[in-house]
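Close look at the chain arrangement
Residues per chain are reported as follows:
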Amino acid sequence: MEKRPLLKVNQAGISFGGLKAVSGFDLEIHQGELVGLIGPNGAGKTTSFNLLTGVYVPTEGDIFLEGVRLNGLPPYQVTRKGISRTFQNIRLFNDLSVLDNVKVANHSRAKHSMLSSILRLPSHFNGEKEMEDKSIELLRIFQLEHVKDELAKNLPYGQQRRLEIARALAAGPKLLLLDEPAAGMNPQETHDLMELIRFIREKFDLTILLIEHDMNLVMGICERIYVLDHGQLIAEGLPEEIRSNPKVIEAYLGEEVSSDA
Ligand SMILES: Nc1ncnc2c1ncn2[C@@H]1O[C@H](COP(=O)(O)OP(=O)(O)OP(=O)(O)O)[C@@H](O)[C@H]1O
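Residues numbered from 1 in each chain as written. Predicted model: local features only at pLDDT ≥ 70, side-chain atom pairs only at ≥ 80, totals over all residues.

Moving on: the site of the ligand. Taken together, the neighbourhood of the ligand is formed by Phe 16, Leu 19, Ala 21, Gly 39, Asn 41, Gly 42, Ala 43, Gly 44, Lys 45, Thr 46, Thr 47 and Gln 88. Of all the elements in the fold, those that place two or more residues in the shell around the ligand are strand E2 (19-29) and helix H1 (45-52). Per element, the largest residue contribution to the shell around the ligand is three residues, and it comes from H1. (Near = placed C-beta within 6 Å. Helix = DSSP H or I, 4+ residues; strand = E, 2+ residues; numbered from the N terminus.)

This is how it looks when you write it as C-alpha cells:
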C-alpha cells in the first residue's frame, strides 16, 4: 500500500474579487522530501503558502496534513498541527533580542502549563530552562549564538534571514515552508544557506517546501519541483525535467532568471 503523503492539497484555490489568484492547485509531499515551488512573478506562490498556513481560507478544494483537514484553521493552529513558515519580507520581532525571537516561537509547544507559570511552580522554571537551552542550541546551529543578546533589528541582513528560519524551527514543525529564503543574499551566503537547509532537514527530520527565484538553489537542492503560472500548476517533476519543459520555459520568457545551474 502506498504511504500517505504528509501534505496533500486537493484542487485548492482562492479568488480575490474576480481574480483567481490560485486555482486547481494539487500538491503531494511525502515525509522527508525537499520540494521546490517556482513560477514567474505574480504566479501565486506566496498565495499558496498563505492557503497552506491558514492566512487565507481556500474558496475551493482541501488541504490535509497527515490526513487531517486544515481548511479554515487559523494560522496559530496550523502551526500547532506542524506547519511553520518564513516570509518573503523578513518578519522578526525587531525590538526583541535574537534569543527572545526564538523563545517566543518555542512557547507554542511549551510543555509547562499556563497555571504553573502563573503560580511560578518548579515545572515553570524547569520548562523555561529547557526552552532556553533548546533555543540556544538552535542559535548555535544557525551560527547566531554569539549575537543572542543583540536586538533582531541590528543584525545584518543575512543573519536576519537565518534567524527567521531558526524561529520557524523553534515551533517544532513537521513541514517547513520557506518563502524565498535566499532573497537578497550574495552567492556565498546562498551557497551556505543551501548547506544549512540540507543539514536541518536531516537533523530535524523535516519535510521542506520552498519558494525560490534563485534557480541555482532550486535546481541544486530540490528533489522535485512544482511550477505555477497565472495561479495554475503548469508542471511537476524532477529538476532536469522542469528545466527542459517547454511550458516552463515559455512561462519564464521575459523573466530574468538564470537556468544555468
Ligand atoms: N490579498 C490579496 N488581494 C488581492 N489580490 C491578491 C492578494 N494576494 C495576492 N493577490 C494577487 O494574487 C496574484 C498572485 O500573487 P502572489 O503574491 O501569490 O504571487 P507570487 O508568485 O508569490 O509572486 P512573487 O514571485 O512576485 O512574490 C497576484 O496577481 C496578486 O496581485
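Further remarks concern the pairing of strand E4 (residues 60-65). The side chains of a regular strand alternate, first on one face of the sheet and then on the other. With five bridges joining them, strand E1 (residues 7-16) and E4 adopt antiparallel strand pairing. Considered in E4, the bridge of Lys 8 is made with Phe 64. Of the strand pairs in this sheet, E4 and strand E5 (residues 68-69) are connected by two bridges, and their pairing is antiparallel. Following the sheet pairing, Phe 64 is matched in E5 by Arg 69. Linking E4 to E5, which pair antiparallel, is a turn of two residues; within it Glu 66 sits at a positive phi near 50 degrees. (Pairing = 2+ DSSP bridges.)

Ranked by internal contacts, the top residues of the largest apolar core, which has 62 residues, are Leu 139, Ala 166, Leu 175, Leu 177, Leu 209 and Val 227. Among the elements that take part in this core, helix H6 (residues 157-170) stands out by supplying six residues, more than any other. When residues of this core are assigned to domains, at least three fall in each of domain 1 (1-82 + 173-261) and domain 2 (92-171). (Core = buried A, V, L, I, M, F, W, Y, C linked by C-beta atoms within 7 Å. Buried ≥ 20, exposed ≤ 12 C-beta atoms within 10 Å, placed from the backbone. Domains from an automatic or database assignment.)

Turning our attention to the domain arrangement of the protein chain. Partitioning the protein chain into domains gives domain 1 (1-82 + 173-261) and domain 2 (92-171). Taken together, the contacts link eleven residues of domain 1 with eight residues of domain 2. For the side of domain 1 that touches domain 2, the elements supplying multiple residues, two or more each, are helix H2 (75-81), strand E7 (175-179) and helix H7 (187-203). Split into classes, the residues belonging to the side of domain 1 that touches domain 2 amount to seven nonpolar, two polar and two charged. (Contact = placed C-beta atoms within 7 Å. Nonpolar A, V, L, I, M, F, W, Y, C, P; charged D, E, K, R; others polar.)

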